[in-house]
Amino acid sequence: MGPVKADLILARGRIRTLGRAGLNPHTHLAIAAGKVLACGEREVMNLRGPRTRVVDLGGSAVLPGFNDAHAHVVYYGLTRFAADLSGARGIDDVLERLKEHGATLKPGEWQQGMGYRTDELTERRQPHRTELDRATGDRPAFIDERGGHARVANSAALAAAGITSDTANPHGGRIGRDLNGSPNGLLLEAAMRMVADVQPLPSLRRRIAGVLKAQDLLVSRGITSVGAAVNRGFADDLRAFEALARDRLLRMRVNEFLSWELLEAASHLGVRSGFGGDLVRAGPIKVFVDGGAERVATRAGGGVWRTTPAELRELVARATVAGLQVAAHAIGDAAIEAMCDAVEAAGGELMRHRVEHCTICPPDLQPRLGKLGMVAVMQPTAARFGRVASTIFFPVRDRTHLAPHRGLMRAGVPLAFSSDLPVTPDPNPWPGIRVAVDDQVNGISMLAALRAYTSGGAYASFEEQWKGTLEPGMLADMQIYKADPLGEDNVNWEQLRPRAVLLGGVKVFGSF
Ligand SMILES: [Zn+2]
C-alpha cells in the first residue's frame, strides 16, 4: 500500500482553517476518509491519486462548518406544524391565523401556535384566553411567545389542566389572573408546564419530520454541528436523531441535551456527556436557573428562580459525580453567580459546565467562570438586542456588563456562539458574528467570533480534537462561499448563504 491519496482535493480557493493559521488563507485542501488530509498550497496536489476528484474552486472561500451550540432543533421542527404567529401585528392577526390553521386540524386535536411577541403586537399585551376561545372554540389551544418563557392557553386547555381560580402558582412560575383572580390564560415560566404536561405528546414520526425541517434550515446556513437544546426531556428526541442517523438522513452532527429530569436515568445508565458517536452524542443536562426577559434573576433582586441556588448546587454535584456536564440557563448576574457557586462546591472544574446565555455578567464573575473551567454559550445578536432593550428587559445599571464577550475572553472563558433557534428565527450565524465584531463596548476580533461559532461549540461538547478547524486530521465539515465573506465590503450579512456544505467530506447542501 502506497501513501494515502486524497478522495477529494479542493483547489484554488481561499481556505481558512481557523486553526494555527488563523485567518490566513490557503489555496488547497485534501480530504480522505471524511477527514482533512492536508491543507496548504499547490504541493497538496501531490496527494492526487487515480481516484481523486479535484474541484477547482475558482477563488471560492472555504471555512469550517458552523457549530450552533444551542438551538431548539426538535421544538423548532414541531413549530412547523403549528400555526405560524411570527410577525403578527395585533391580537386580531393572531386570532385570524389560529382560525385558518385550526381548519386543517382534526376535531378535538390540540392546537399549537408559535412565534408572536407581545412587543410586536399593537396592543402590547398577551391575548386573553377568551379572545383565543373566539378563534378556537372548544378545541384546546396553547400558543407560545417567541422566547420560550410565556404561553397563553385558551379556556379548554386550562380546563384540561384543571387550572382554576383556586390553583396556586407553581414553584418558579406564575399563572396570569384577572382582577377577580380567575386565570386569564397567561402562563409564565414553570407554569407553562401545567398545561404542557396534559397536552398529547407528538409522535416519534412527527418529531422526525420536524427534525428534517429544522435540519434543512440549519444546513442551508452552513451549520454542520448543533447543540440540540431542550426545555423538557423526551427520550423520543434522542430516538428521532438516532433513527435519522441509522437511515443516513442526518446531515448534521447533533449534541443532544438531556433535561434535568433525565439526570437520574442517565446517571444510572452510566451515560456520560459525549456518549455516542461523532454524529449523535448525549450532551449536557439542561437546567433553568432563572427566567427570560424581565424575569431574569439579578443581584439587585427580582426575577424568577426556576431552580433555587440550593437545588442547583445539588443538581450540579450529582451531575459532576456522574460525569455529566450541566448546561445552566442563566441570564441574570445572580443566576450566573449561583451557577459558579454550584460548580465550585461540586469541584466540577473539569466538566466544562456551561452557562447558557450568560447575558448580565459583571467583571467580578468573569474570572470566576474562567477559574472554574466553565464555558459561556452566548447568542451574539442578543448583545445588540440587550443594549437597545436593556432599559425594558434587563435592569442593569452598567450596560457594559451585558453580553461581555471581550471581558469573558480576557478572563480565559471559552465562548461558544449559538442562535437559540427559534428565539432567533433565522439561525444564520453571520449577523451575530458581525454584531460581536462591531460591538463598540465588548467587541471581539473576526477570528475570535468565527472561532466562537466553530471550535467554540466543539470545545463545549468535548469534541475539539476532531472538529472545529480544518487542520489535518479534523473532520472535513466545511462550507464554501462563492465570494469571500471576509474580503467583501458590502456584504448583506442577513442574506449571506454558503453555496455548498460538506459533512465528513460529503456534500450535504448546495453544489460546487
Ligand atoms: Zn434556549
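Parameters at a glance
- Residues numbered from 1 in each chain as written.
- Predicted model: local features only at pLDDT ≥ 70, side-chain atom pairs only at ≥ 80, totals over all residues.
- Heavy atoms only, no water.
- Donors = N, O, S within 2.8 Å, 3.2 Å for Na, K, Ca; no water.
- Helix = DSSP H or I, 4+ residues; strand = E, 2+ residues; numbered from the N terminus.
- Buried < 20%, exposed > 50% of the residue type's maximum accessible area, 1.4 Å probe, protein only.
- Domains from an automatic or database assignment.
- Expected span 1.5 Å × (residues − 1).
- Contact = heavy atoms within 4.5 Å.
- Pairing = 2+ DSSP bridges.
- Axes fitted to C-alpha atoms, helices over the stretch in contact; angles between N-to-C directions.
- Polar contact = N/O pair within 3.5 Å; in protein donor to acceptor, adjacent residues only side chain to side chain.
- Right-handed = clockwise from strand over helix to strand, strands pointing away.
- Salt bridge = Lys/Arg side-chain N within 4 Å of Asp/Glu carboxyl O.
- Phe/Tyr/Trp six-rings, centres within 6.5 Å; stacked < 30°, edge-to-face > 60°.
- Lys NZ or Arg CZ within 6 Å of the ring centre and 35° of its normal.
- Disulfide = S-S within 2.5 Å.

(A) Structural context of the coordination of the zinc ion. Every protein donor of the zinc ion is accounted for by His 70 (NE2), His 72 (NE2) and Asp 420 (OD), and the metal-donor separations fall at 2.1 to 2.2 Å. Ordering the donors of the zinc ion by residue number gives the pattern H-x1-H-x347-D. Note that His 72 is positioned in the loop between strand E7 (66–71) and helix H1 (73–79) and Asp 420 in the loop between strand E20 (415–417) and helix H14 (429–438), a separation of 348 residues in sequence. A single burial state applies to His 72 and to Asp 420, both of which are buried.

(B) A look at the domain arrangement of the protein. For the protein, the assigned domains are domain 1 (8–59 + 473–510) and domain 2 (86–196). A straight line from the C-alpha centre of domain 1 to that of domain 2 covers 47 Å.

(C) Summary view of helix H10 (residues 333–346). The end-to-end C-alpha distance of H10 is 20 Å, a good match for the 20 Å that 14 residues give at a rise of 1.5 Å each. When we look at burial in H10, the residues that qualify are Asp 333, Ala 334, Ala 335, Ile 336, Ala 338, Met 339, Cys 340, Ala 342 and Val 343. Its buried side turned inward, H10 meets helix H9 (309–322), strand E17 (326–330), strand E18 (354–357) and helix H11 (366–371). Phi turns positive, to about 65°, at Gly 347, one or two residues after H10.

(D) Representation of the sheet that holds E18. Taken in spatial order, the eight strands line up as E7-E14-E15-E16-E17-E18-E19-E20 in an open sheet, and their pairing is parallel. One side of each edge strand has no neighbouring strand; the edge strands of this open sheet are E7 and E20. Looking at each pair of strands side by side, their axes are set apart by 25° on average, direction ignored. Of the strand pairs in this sheet, strand E16 (residues 280–288) and E17 are connected by four bridges, and their pairing is parallel. Residue pairing in the sheet places Lys 286 in a bridge with Ala 327 of E17.

(E) Highlighting the sheet that holds strand E4 (residues 35–40). Strand order in the open sheet formed by four strands is E4-E3-E1-E5, and the pairing between neighbours is mixed. With one partner strand each, in any of the chains shown, E4 and strand E5 (53–56) form the two edges of the open sheet. Between one strand axis and the next, the sheet turns through 15° on average, direction left out of account. Where strand E1 (residues 8–11) and strand E3 (residues 28–32) come together, three bridges link them in antiparallel fashion. Within E3, the residue paired with Ile 9 across the bridge is Ala 30.

(F) Geometry of the pairing of E3. Most of E3 is tucked away, with five of its five residues classed as buried. Judged by which residues are buried, E3 turns out to be covered on both faces: His 28, Ala 30 and Ala 32 on one side and Leu 29 and Ile 31 on the other are all buried. Where E3 meets E4, five bridges bridge the pair, whose relative direction is antiparallel. Within E4, the position partnered with Leu 29 by the bridge is Cys 39. Hairpin connection from E3 to E4: two residues lie between these consecutive antiparallel strands, with Ala 33 at a positive phi of about 50°.

(G) Local environment of the environment of Asn 180. Tracing the backbone shows Asn 180 in the loop between strand E12 (173–177) and strand E13 (183–189). Note on Asn 180: relative accessible area 63%, which makes it exposed. In sequence terms Asn 180 and Ser 165 are 15 residues apart; their C-alpha atoms lie 8.6 Å from each other. Here the side chain of Asn 180 touches Ser 182 through a polar contact of 2.9 Å, landing on its backbone nitrogen.

(H) Region of interest: the pairing of strand E19 (residues 375–378). Side chains Val 375 and Val 377 project from E19 onto one buried face, and the interleaved Ala 376 and Met 378 project onto a second face that is buried too. As paired elements, E18 and E19 share three bridges and run parallel to each other. In the sheet register, Glu 356 faces E19, and the bridge partner there is Val 377. Chirality of the crossover, the property in question, places the unit of E18, H11 and E19 among those that are right-handed. Sheet topology note: the E19/E20 ladder contains three bridges and is parallel. Counterpart to Met 378 in the pairing with E20 is Phe 417.

(I) Representation of the pattern of salt bridges. What the rule picks out here adds up to 33 salt bridges. Residue Arg 207 pairs with Asp 236 through a salt bridge whose shortest N-O separation is 3.9 Å. One end of the pair, Arg 207, is in helix H6 (residues 204–220); the other, Asp 236, is in helix H7 (residues 235–246), with 29 residues separating them in the sequence. Across the pair, exposure class does not vary: Arg 207 and Asp 236 are buried alike. For Glu 464, the salt bridge identified is with Arg 352, shortest N-O distance 2.9 Å.

(J) Representation of the packing of aromatic side chains in the model. Enumeration over the complete set of coordinates arrives at five aromatic pairs. Arranged with centres 5.6 Å apart and planes meeting at 35°, the rings of Trp 430 and Trp 493 form a pair that is tilted. Placement of Trp 430 in helix H14 and of Trp 493 in the loop between strand E21 (478–481) and strand E22 (500–503) is noted, with a sequence separation of 63 residues between them. Clustering of aromatic rings is evident, with ring pairs tying together Phe 66, Phe 417, Trp 430, Tyr 453, Tyr 481 and Trp 493. For Arg 306, the ring lying beneath its charged end belongs to Phe 288, and the centroid distance is 4.1 Å. Its end group placed over the ring of Tyr 459, Arg 352 keeps NZ or CZ at 3.7 Å from the ring centre.

(K) Local environment of the state of the cysteines. A full pass over the atoms with the stated rule returns zero disulfides. Between Cys 340, a cysteine without a disulfide, and Cys 361, which holds the nearest cysteine sulfur, the sulfur-to-sulfur distance is 7.0 Å.

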